[in-house]
Amino acid sequence: MKAVHFGAGNIGRGFVGLLLHEAGYEVVFADVNAELIEALDAAESYDVHLVGDDAETKTVTGFRAINSATAEDALVAEIATADVVTTAVGPRILRFVAPVIARGLAARAADAPRLAVMACENAIGATDLLAAELMDGLPDDDTREELAARAVFANTAVDRIVPAQAPDAGIDVTVETFYEWVVDRSPFNGNVPPIPGAHFVDSLGPYIERKLFTVNTGHATVAYTGFLAGATIISEAIGIPSVLEATEAALAETSAALSAKHGLDPEELAAYRAKILNRFRNPYLVDEVIRVGREPLRKLGRNDRFVGPAADYVQYVGGIPEALIAAIGAALRFDVPEDTQSVEFQQLLRRADPEDIVDEVMGVTRGEALFEPLVAVVRAAEY
Ligand SMILES: NC(=O)c1ccc[n+]([C@@H]2O[C@H](COP(=O)([O-])OP(=O)(O)OC[C@H]3O[C@@H](n4cnc5c(N)ncnc54)[C@H](O)[C@@H]3O)[C@@H](O)[C@H]2O)c1
Ligand SMILES: O=P(O)(O)OC[C@@H](O)[C@@H](O)[C@H](O)[C@H](O)CO
């Protein structure tokens, strides 16, 4: 069995690549980072260090690596004969990897089994987005129909904290012990790919929302409020009482919305929240607030970790989620010169009207209950 995985970064090597290897796949990593690809190509193995309770080291072997920027034809040939394609490149990069996956599908033998395509990104419907980008790039409906019949596109939810790696780590990765990979079973018609580390479910919606609106809302709240409090590392930030309080308050609101929307049990959600806060406290993970807060424009989008659950709170619980609005207020002050979106956002805050920022960045329009509270928090953050 062979898997082609786009994005040989932190989660690519430390989670998806590891689980596919453990499932018995030969993994072909594809990435645009030439140095990383050369290092992977030259190595016979790399280690994944699981840190925290039940620490252990796992070794990944039997992989290859291809530079997707310079060796596209070789990558197309790999996709043509692969069983699985996965991505962990970031949601806004999916449109760049879609065309080569399309070429790979077009090159498959007519009798080849359908290719399982799963985007492993922190976004609701990431695989749908990848599929839409792929289909949009095709010349006509006949080609779209032909290639759609050669693939199975399945949404997923992935959870494992993998920080940026130490400069001397090489291709080895340090990760937390916890992991969860949940995949929508419904597109496979009973033929799910054999990946023991993945959990196939009939309805992914509650899983991805529970993950994104608890792990990632909490993580981002710790990052943004921690950044303002002067912390640099997540485990340090969550030790600050005001940061913990802000995070617990935001997560109480997301849990209320999840419970009201999906019928999730409040006690189970409380246990889930407590476990996640403990994951953030892991003293062996050096996870910087600037990684966790990265790309604030994406994180403040309508369907992402703040506005998504805030809108659900308004719709399913009723009232205004004040703690989530306060966390958004902290996100507006995430001023990090090395983060392109942070720089862009700080410039936008200087020149744009608060109403336009709420509309265009957060996707909340005038007349919605969240509009005025969000305008007020943006106005308070403006220079
Ligand atoms: N790190 C985590 O804790 C974690 C956990 C769950 C999900 N995720 C998600 O996984 C994705 C990747 O996150 P990460 O932390 O591994 O980031 P990362 O920056 O470590 O890895 C991304 C990799 O994608 C590569 N890349 C960029 N453009 C590419 C292209 N056009 N073609 C092929 N490769 C390309 C980069 O060179 C990089 O190696 C994101 O969507 C993130 O939200 C991350
Ligand atoms: O990857 P992002 O930028 O969407 O979010 C940053 C972190 O919250 C994220 O990478 C977590 O570590 C991960 O989602 C844990 O499963």
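Since the structure is predicted, the reported quantities are computational estimates derived from the model, not experimental observations.

Enquirer: What is the right way to read the site of ligand 2 from this model?
Expert: Taken together, Asn-122, Asp-159, Arg-160, Ile-161, Val-215, Asn-216, His-219, Val-292, Arg-294 and Glu-295 form the complete shell of residues around ligand 2. In terms of residues, the shell around ligand 2 owes the most to one element, helix H7 (residues 205-228), which gives three residues. Residues that form the shell around ligand 2 fall into these classes: three nonpolar, three polar and four charged. Shared between two domains, the shell around ligand 2 holds at least three residues of each, these being domain 1 (2-203) and domain 2 (206-381).

Enquirer: What exactly am I supposed to notice about the site of ligand 1 here?
Expert: Around ligand 1 there are 26 residues in total, and Gly-7, Gly-9, Asn-10, Glu-121 and Asn-122 lie nearest to it. When contributions to the shell around ligand 1 are tallied by element, the ones reaching two or more residues are helix H1 (10-22), strand S2 (26-31) and helix H4 (94-106). In terms of residue count, the dominant contributor to the shell around ligand 1 is H1 (three residues). Class assignment for the residues of the shell around ligand 1 results in 15 nonpolar, eight polar and three charged.

Enquirer: Before we go on, may I ask you to explain the sheet that holds strand S3 (residues 45-51) in this structure?
Expert: Sheets are built from strands that pair by backbone hydrogen bonding, the pairs being arranged parallel or antiparallel. An order of S4-S3-S10 is seen for the three strands of this open sheet, with the pairing classed as mixed. Each end of this open sheet is capped by a strand with a single partner; those strands are strand S4 (56-61) and strand S10 (173-176). The average undirected angle you get between the axes of adjacent strands in this sheet is 30°. As defined by bridge partners, S3 adjoins S10 across four bridges and the pair is classed as parallel. From the neighbouring strand, His-49 faces S10, where its bridge partner is Thr-174. Of the strands in this sheet, S3, S4 and S10 touch H1, which is tilted by about 80° from S10.

Enquirer: Help me understand the sheet that holds strand S9 (residues 156-159), please; the structure alone is not making it clear to me.
Expert: The strand order across the open sheet formed by three strands is S9-S11-S12, and the pairing between neighbours is mixed. The open sheet has two edge strands, S9 and strand S12 (199-201), and neither has a second partner. The sheet shows a mean angle of 20° between the axes of neighbouring strands, taken without regard to direction. Looking at chain direction, S9 and strand S11 (residues 180-184) are connected through four bridges and run antiparallel. Across the sheet, the residue bridging to Ala-157 is Val-182, located in S11.

Enquirer: For this particular structure, what's the right way to read the confidence of the model for the protein chain?
Expert: Detailed reading of the predicted coordinates is not advisable wherever pLDDT is low. Across the protein chain, pLDDT averages 97, with 100% of residues at or above 70. Two summary scores accompany this predicted model of the complex, namely pTM at 0.97 and ipTM at 0.99.

Enquirer: Where do I start with the pairing of strand S1 (residues 2-6) in this structure?
Expert: Here is the key point about a regular strand: its side chains alternate between the two faces of the sheet. A large share of S1 lies buried, amounting to four of its five residues. Pairing of S1 with S2 involves five bridges; the strand directions are parallel. Its bridge partner lying in S2, Phe-6 is registered against Ala-30. Once you follow S1 into H1 and on to S2, the crossover reads as right-handed. Pairing of S1 with strand S6 (residues 84-87) involves four bridges; the strand directions are parallel. When the bridges of S6 are listed, Phe-6 appears paired with Thr-87.

Enquirer: Can you walk me through the domain arrangement of the protein chain in this structure?
Expert: Reports of interface size often rely on the accessible area that becomes lost once the parts have come together. Split into domains, the protein chain comes out as domain 1 (2-203) and domain 2 (206-381). Computed over C-alpha atoms only, the centres of domain 1 and domain 2 are separated by 27 Å.

Enquirer: Is there a simple way to explain the pairing of S4 in this structure?
Expert: Summarising the sheet, S3 and S4 pair through six bridges and their orientation is antiparallel. The partner of Ser-45 across the bridge, within S4, is Thr-61. Between S3 and S4, which follow one another and run antiparallel, lie four residues, and Gly-52 among them has a positive phi close to 115°.

Enquirer: Just to check I follow, could you spell out helix H14 (residues 322-331) for this structure?
Expert: Three- or four-residue spacings in an α-helix give side chains the same orientation, since the helix completes a turn every 3.6 residues. Among the residues of H14, Ala-323, Leu-324, Ala-327, Ile-328, Ala-330 and Ala-331 are the ones counted as buried. Around the axis of H14, the buried residues are gathered within 155° of arc, so they sit on the same side. The inward-facing, buried residues of H14 contact H7, helix H9 (241-262), helix H12 (296-299), helix H13 (307-317) and helix H17 (371-381).

Enquirer: Any chance you could explain the UniProt feature "domain: Mannitol dehydrogenase N-terminal" (unreviewed entry) in the protein chain here in plain terms?
Expert: Following the UniProt record, the feature "domain: Mannitol dehydrogenase N-terminal" (unreviewed entry) maps to residues 1-195 here. Secondary structure across residues 1-195 comprises 32% helix and 28% strand; the distance between its end C-alpha atoms is 11 Å.

Enquirer: Is there a simple way to explain the UniProt feature "domain: Mannitol dehydrogenase C-terminal" (unreviewed entry) in the protein chain in this structure?
Expert: Under the present numbering, the feature "domain: Mannitol dehydrogenase C-terminal" (unreviewed entry) in UniProt falls on residues 204-345. Helix makes up 70% of residues 204-345 and strand 0%, and the two end C-alpha atoms of the span are 32 Å apart.

Calculation rules
- Residues numbered from 1 in each chain as written.
- Chains lettered and ligands numbered in written order.
- Predicted model: local features only at pLDDT ≥ 70, side-chain atom pairs only at ≥ 80, totals over all residues.
- Near = placed C-beta within 6 Å.
- Helix = DSSP H or I, 4+ residues; strand = E, 2+ residues; numbered from the N terminus.
- Nonpolar A, V, L, I, M, F, W, Y, C, P; charged D, E, K, R; others polar.
- Domains from an automatic or database assignment.
- Pairing = 2+ DSSP bridges.
- Axes fitted to C-alpha atoms, helices over the stretch in contact; angles between N-to-C directions.
- Contact = placed C-beta atoms within 7 Å.
- pLDDT = per-residue confidence, 0-100.
- Buried ≥ 20, exposed ≤ 12 C-beta atoms within 10 Å, placed from the backbone.
- Right-handed = clockwise from strand over helix to strand, strands pointing away.
- Arc of directions from axis to C-beta.
- UniProt positions renumbered as here; feature names shortened; annotations may be inferred.

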